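# Structural description and commentary
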Amino acid sequence: MSGASRYPVPAAAHRVEQEISRSRFITTIGRAPTVEDAQAFIRAVTDEFRGATHHCWAYVVGPPGDTGRIGMSDAGEPHGTAGRPMLNALLHAPVGDVVAVVTRYYGGTKLGTGGLVRAYGGGVQAALSTLPVTERIEYVSLAVTIDYAKLTSLQQVCPEPEAEIVAREFGEQGAVPGIPGRAVAAGEGRGPPEEQVPQEADRIGDVQGGVLVAVAGDLAPRLSHHLDVRLRIQNLP
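This text gives an overview of the structure that appears in the document.

Each value, and the rule that gives it
Residues numbered from 1 in each chain as written. Predicted model: local features only at pLDDT ≥ 70, side-chain atom pairs only at ≥ 80, totals over all residues. Heavy atoms only, no water. Helix = DSSP H or I, 4+ residues; strand = E, 2+ residues; numbered from the N terminus. Buried < 20%, exposed > 50% of the residue type's maximum accessible area, 1.4 Å probe, protein only. Contact = heavy atoms within 4.5 Å. Pairing = 2+ DSSP bridges. Axes fitted to C-alpha atoms, helices over the stretch in contact; angles between N-to-C directions. Phe/Tyr/Trp six-rings, centres within 6.5 Å; stacked < 30°, edge-to-face > 60°. Polar contact = N/O pair within 3.5 Å; in protein donor to acceptor, adjacent residues only side chain to side chain. Core = buried A, V, L, I, M, F, W, Y, C linked by side-chain atoms within 4.5 Å. Expected span 1.5 Å × (residues − 1). Arc of directions from axis to C-beta.

### Some thoughts on the overall build of the protein chain
- Helix and strand counts for the protein chain come out as five helices and 13 strands.
- Scored against the burial criterion, the 237 residues of the protein chain give a buried share of 48%.
- Looking at the protein chain alone, contacts between residues at least 24 apart form 74% of all its contacts between residues at least 6 apart.

### Here's the deal with the sheet that holds strand 3 (residues 23-31)
- Here we have five strands laid out as an open sheet, ordered 2-3-6-4-5, and antiparallel in their pairing. Two strands lie at the open edges of the sheet, namely strand 2 (14-20) and strand 5 (70-73), each paired on one side alone. The sheet shows a mean angle of 15° between the axes of neighbouring strands, direction not considered.
- In this sheet, strand 6 (residues 98-105) lies alongside strand 3 in antiparallel orientation, the contact comprising eight bridges. Across the sheet, the residue bridging to G30 is V99, located in strand 6.
- Across the sheet, helix 2 (residues 83-91) is in contact with strand 4 (54-60), strand 5 and strand 6; its angle to strand 4 comes to roughly 35°.

### A closer look at the packing of aromatic side chains
- Taken as a whole and assessed by the stated rule, the structure comprises three aromatic pairs.
- Each ring, one from F25 and one from Y120, has its centre 5.3 Å from the other, and the planes form 90°; the classification is edge-to-face. Of the two residues, F25 is situated in strand 3 and Y120 in helix 3 (residues 112-129); the sequence distance between them amounts to 95 residues. Residue F25 shares its accessibility class with Y120, and that shared class is buried.

### Quick notes on the side chain of H55
- Mapped onto the fold, H55 is located in strand 4.
- One polar contact links the side chain of H55 to the main-chain carbonyl oxygen of F49, over a distance of 2.9 Å.
- A polar atom in the side chain of H55 sits 3.2 Å from the side chain of T103.
- Excluding residues that lie within four positions of it along the chain, H55 makes contacts with V45, T46, F49, A75, V101, V102 and T103.

### Remarks on the nonpolar core
- One finds I29, M86, L90, Y120, V124 and L128 to be the most contacted residues of the largest nonpolar core, which totals 25 residues.
- Taken together, the elements giving at least two residues each to this core come down to strand 3, strand 4, helix 2, strand 6 and helix 3.
- Not counting residues within four places of it along the chain, the set of residues in contact with M86 comprises C56, W57, A58, A100, V101, V102, Y120, G121 and V124.
- Among the nonpolar cores identified, the runner-up in size contains 13 residues, and A32, V45, Y59 and V99 belong to it.

### Some remarks on helix 1 (residues 35-48)
- Counted at 1.5 Å a residue, the expected span for helix 1 with its 14 residues is 20 Å, and the 20 Å between its end C-alpha atoms agrees.
- Listing the buried residues of helix 1 in full gives V35, A38, F41, I42 and V45. Considered in projection along helix 1, the buried side chains sweep an arc of 120° and stay on one side of the axis. Projecting away from the buried face of helix 1 at angles above 90 degrees are the exposed residues E36 and R43.
- Looking at the packing, one finds that the buried side of helix 1 touches strand 3, strand 4 and strand 6.

Next up, the structure:
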């Protein structure tokens, strides 16, 4: 599934707590657009529960089920009893860019190999079952120069390819350079880029006869995604 441009991702950090044979298992799930984000999330949860016995973790960066960028750790539990079942739960979930940390406070009763596998894998499954999700959308940029009189036509064209006008600058000449593309979640604020996507419009579009040429031309495949469209609109002679 590598290369998918749209897929579900965690909408926010989510937590589920369970008690099994007097041990507390706290499962925290979050969004991880990059491996660095996953590692930062793991550190934050570990710092939050400094007194815990174990902080086992797993992550999947990329589309649901993609194994290109994965990671896991048993964090001191017997080999294969924590990180692997956690990762398996993530890989079989319909969500991508996801990281999970299961924090354990040991309660004095040993669970055995099978019990640990069920506890760690089951904790992730329980958290995933109630996880709020949103959609990851790959944004690309496009700069166009149009006659001011064609602005209404451009606005009418934008909804079908899910394009969005993010800036309009009125001037006499020149087009505003495109904004570097990035992968964000739907509804997310326009903060610093979380993942740079090396995709930019490769030409300047124009409007002729009230129709955006880029939509029907060689940029059409890219317009199947949600686009940030930054425009400089000028009153051409």
